[in-house]
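Chain residues, written in single-letter form:
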Amino acid sequence: MGRAFEYRKAAKMKRWGHMARTFTKIGKQIAIAVKAGGPDVETNPSLRAIIANAKRENMPKDNIERAIKNAMGKDQSDYKTMTYEGYGPHGIAIFVDTLTDNPTRTVGDVRSVFNKFSGTMGTMGSLAFLFDHKCVFSFKKRDDIDMDELILELIDYGVEDEFDEDEEEGTTTIYGDPKSFGDIQKYLEANGFEVVGAEFTYIPNDLKDVTPEQRETIDKMVERFENFDDVQTVYTNMKPE
């Protein structure tokens, strides 16, 4: 299995957020997608992708429908995507992805965590060289598809030649250029693939070893970040256990 798959698998198994907090974060994603492309999943590919992720997280159908309805309200807040980055203890690089309706509040919250753990908050883009920004699609495995041939065809759509299969979940995962997200999604849907997950992610290109004690400190820092509702995902270049 590839480096990206192992990193994402470890991160998934060690997810910090409680279910209610996860649903709150997905609700914000739904709000952005609805405001950008409308509430109809048939004509809004971004919303379709988010709903697929919501189902993977076992978000109830009623919650999804309520989030869509709320996003259509006149007083619904406008959320902005903001990314913060810096170094935590022991030289670990950290990316913090957020969705916020109050950037001043969010940057204050993020900075407070960096300060509490004696970290250093950097400028946007300062750690880009340590991470690969990718879009990721997971779909139900199909026995009638030769993945090597599929990848060759999808290269023209910005997909990388690396793919991973999860036998336990019966899924195949592919990685691509974030700018090609829409094109890749259209191809998969048009060719009958059952997409069960679609997202953007940062994959560290140089994982850093830590001691158990150091890992415990970084884990606490990440957990503190993810206690904030504005924080969507936290990425580090700490080597998975």
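Residues numbered from 1 in each chain as written. Predicted model: local features only at pLDDT ≥ 70, side-chain atom pairs only at ≥ 80, totals over all residues. Heavy atoms only, no water.

(A) View of the pattern of salt bridges. Going through the model one piece at a time under the given rule, you end up with 12 salt bridges. Here Asp230 ties to Lys28 by a salt bridge, and the two come within 2.8 Å at their closest N and O atoms. Of the two residues, Asp230 sits in the loop between α8 (212–226) and β8 (231–236) while Lys28 sits in helix α2 (residues 19–37), which places them 202 residues apart along the sequence. Comparing Asp230 with Lys28, the two get one shared label, buried. Each of Lys28, Asp101, Arg105 and Asp230 takes part in one network of salt bridges that share partners. (Salt bridge = Lys/Arg side-chain N within 4 Å of Asp/Glu carboxyl O. Helix = DSSP H or I, 4+ residues; strand = E, 2+ residues; numbered from the N terminus. Buried < 20%, exposed > 50% of the residue type's maximum accessible area, 1.4 Å probe, protein only.)

(B) Summary view of the packing of helix α3 (residues 45–56) against helix α7 (residues 181–190). Direction vectors running N to C along α3 and α7 enclose 75 degrees, while the axes themselves pass 11 Å from each other. As far as their axial angle goes, α7 and α3 are roughly perpendicular. Where α3 abuts α7, its residues Pro45, Ser46, Arg48 and Ala49 lie against Phe181, Gln185 and Glu189. Tallied by class, the residues present in the contact of α3 with α7 amount to three nonpolar, two polar and two charged. (Axes fitted to C-alpha atoms, helices over the stretch in contact; angles between N-to-C directions. Parallel < 35°, antiparallel > 145°, perpendicular 65-115°, else oblique. Contact = heavy atoms within 4.5 Å. Nonpolar A, V, L, I, M, F, W, Y, C, P; charged D, E, K, R; others polar.)

(C) Just the packing of aromatic side chains, in detail. What the rule picks out here adds up to nine aromatic pairs. Residues Phe131 and Tyr202 carry aromatic rings whose centres are separated by 6.5 Å and whose planes lie at 90 degrees to one another, so their mutual orientation is edge-to-face. Here Phe131, found in strand β4 (residues 131–140), pairs with Tyr202, found in strand β7 (residues 195–204); they are 71 residues apart in sequence, far enough to count as distant. Accessibility assignment for this pair places Phe131 and Tyr202 in one class, buried. For the pair Tyr202 and Tyr235, a centre-to-centre distance of 5.4 Å together with 65 degrees between the ring planes defines the contact as edge-to-face. On the criterion of sequence distance, the pair formed by Tyr202 in strand β7 and Tyr235 in strand β8 is long-range, its members being 33 residues apart. Each member of the pair, Tyr202 as well as Tyr235, is classed as buried. Among the aromatic residues, those joined into a cluster by ring pairs are Phe95, Phe131, Tyr202 and Tyr235. The ring of Tyr175 carries Lys134 above its face, with NZ or CZ at 5.4 Å from the centroid. Stacked on the ring of Phe193, the Lys or Arg Arg142 has its end atom at 4.5 Å from the ring centre. (Phe/Tyr/Trp six-rings, centres within 6.5 Å; stacked < 30°, edge-to-face > 60°. Lys NZ or Arg CZ within 6 Å of the ring centre and 35° of its normal.)

(D) Fine view of the sheet that holds β7. An order of β5-β6-β4-β7 is seen for the four strands of this open sheet, with the pairing classed as antiparallel. Of all strands in the sheet, those bounded by a partner on one side alone are β5 (159–166) and β7. Ignoring strand direction, the axes of neighbouring strands in this sheet form an average angle of 25 degrees. Bridge count between β4 and strand β6 (residues 171–176): six bridges; the pairing is antiparallel. Looking across to β6, one finds that Ser138 is bridged to Thr173. Its contacts with the sheet place helix α6 (residues 147–154) against β4, β5 and β6, and it is angled at close to 145 degrees to β5. (Pairing = 2+ DSSP bridges.)

(E) Main features of helix α4 (residues 61–71). Among all positions of α4, only Ile64, Ala67, Ile68 and Ala71 are buried. Within α4, the buried residues cover an arc of 95 degrees as seen down the axis, which keeps them to one side. Exposed residues on α4 whose side chains face more than 90 degrees from its buried face are Asp62 and Lys69. (Arc of directions from axis to C-beta.)

(F) Focus on unusual backbone geometry. You will see that Asn58, though not glycine, has its phi angle at about 65 degrees, which is positive. Accessibility expressed as a relative area gives 59% for Asn58, which makes it exposed. For Ser118, which is not a glycine, the phi torsion comes out positive at approximately 60 degrees. Structurally, the position occupied by Ser118 is in the loop between α5 (103–116) and β3 (120–121). Residue classification places Ser118 among the exposed positions, given a relative accessible area of 66%.

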